[in-house]
Amino acid sequence: MRKNKIVVLKNENGYAFLLVFFTIILISVLGLSILKVSSNTLKTSDHERDDQSVYYIAEAGLNYGREHTRKNFEIAESLATTEYQKQKIAYEKKQDPNPPDFKGLLKIELENLGYPANDNNIKKNHINKVRGPSNPRHRK
């Protein structure tokens, strides 16, 4: 009986095949894992590039809007200053009984350029846009 056991243990005909088979499976799993990781990295870099593009485009839009608003304010300030000087001269010569009001003149010039006169108009316009006229809770 001992001889049969020794013969069975020395019979290693399929051992090399199993070793090669499991090695190929291991290398395939590692290769697929590396492929998946590199694919995810590529997707992540694409999304990051898109996010950065959107960010910089939005920042450029904000800078443009800020510069446009600044230039419009300078125009309104210049026009209001000119009108204020005219009204001041007329007031000093007693041709106009009302003293000049720079703040009011600036507000008028800004309205002429399309900017709202006060915060209440902004809030009302925003509420009307959000609620809409068809909403029963909408009140003027």
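Everything numeric in this text was worked out from a predicted model, so none of it was measured.

Rules and cut-offs
- Residues numbered from 1 in each chain as written.
- Predicted model: local features only at pLDDT ≥ 70, side-chain atom pairs only at ≥ 80, totals over all residues.
- Heavy atoms only, no water.
- Helix = DSSP H or I, 4+ residues; strand = E, 2+ residues; numbered from the N terminus.
- Buried < 20%, exposed > 50% of the residue type's maximum accessible area, 1.4 Å probe, protein only.
- Contact = heavy atoms within 4.5 Å.
- Patch = residues over 30% accessible without salt bridge, like charges linked within 9 Å, V, L, I, M, F, W, Y side chains within 5 Å.
- Areas by Shrake-Rupley, 256 points an atom, 1.4 Å probe, with all protein chains shown as cover.
- Salt bridge = Lys/Arg side-chain N within 4 Å of Asp/Glu carboxyl O.
- Expected span 1.5 Å × (residues − 1).
- Core = buried A, V, L, I, M, F, W, Y, C linked by side-chain atoms within 4.5 Å.
- Lys, Arg positive; Asp, Glu negative; His and termini not counted.

With that out of the way, let us pick up the overall build of the protein chain. Within the protein chain one finds 4 helices and 0 strands. The order of α-helices and β-strands along the protein chain, N terminus first, is α-α-α-α. Expressed as a percentage of the 140 residues in the protein chain, the buried residues total 8%. Contacts in the protein chain between residues far apart in sequence, at least 24 positions, make up 41% of those at least 6 positions apart.

Another aspect to go through is a nonpolar patch on the surface. On the surface, Phe17, Leu18, Phe21, Phe22, Ile25 and Val29 cluster together into a nonpolar patch covering about 600 Å² of accessible area. For phenylalanine 22, the position within the fold is in helix H2 (residues 15-92).

Our next topic: H2. In a regular helix each residue adds 1.5 Å, so 78 residues correspond to 116 Å; H2 covers 113 Å between its end C-alpha atoms and thus fits that length. Three or more residues of H2 are buried, namely Asn72, Ala76, Ala80 and Ala90. Its buried side turned inward, H2 meets helix H3 (102-112). Phi turns positive one or two residues past the end of H2, at lysine 94, with a value near 65 degrees.

For the structure on display, the rule yields 3 salt bridges. Between arginine 49 and aspartate 46 there is a salt bridge, with its nearest N and O atoms 3.3 Å apart. In this pair, arginine 49 and aspartate 46 both sit in helix H2, 3 residues apart, roughly one turn of the helix. According to the relative accessible area criterion, aspartate 46 is partly exposed, its value standing at 31%.

The next point concerns the nonpolar core. Ala76, Ala80, Leu105, Leu106 and Leu110 form the largest nonpolar core, which has 5 residues in total. Within the residue set of this core, elements represented by two or more residues are H2 and H3. Beyond its immediate stretch of four places on either side in the chain, alanine 80 contacts Phe102, Leu105, Leu106 and Glu109.

Our next topic: the environment of aspartate 101. When you line up the elements, aspartate 101 lands in the loop between H2 and H3. As a C-alpha pair, aspartate 101 and lysine 88 span 13 residues in sequence and 9.1 Å in three-dimensional space. With sequence-adjacent residues up to four places away left out, aspartate 101 is seen in contact with Tyr84 and Gln87.

Time to look at the side chain of glutamate 109. Within the secondary structure, glutamate 109 sits in helix H3. Lacking a salt bridge, the buried glutamate 109 has lysine 86 as its closest oppositely charged neighbour, with an N-O distance of 9.2 Å. Aside from chain neighbours lying at most four places away, what touches glutamate 109 is Ala76, Leu79 and Ala80.

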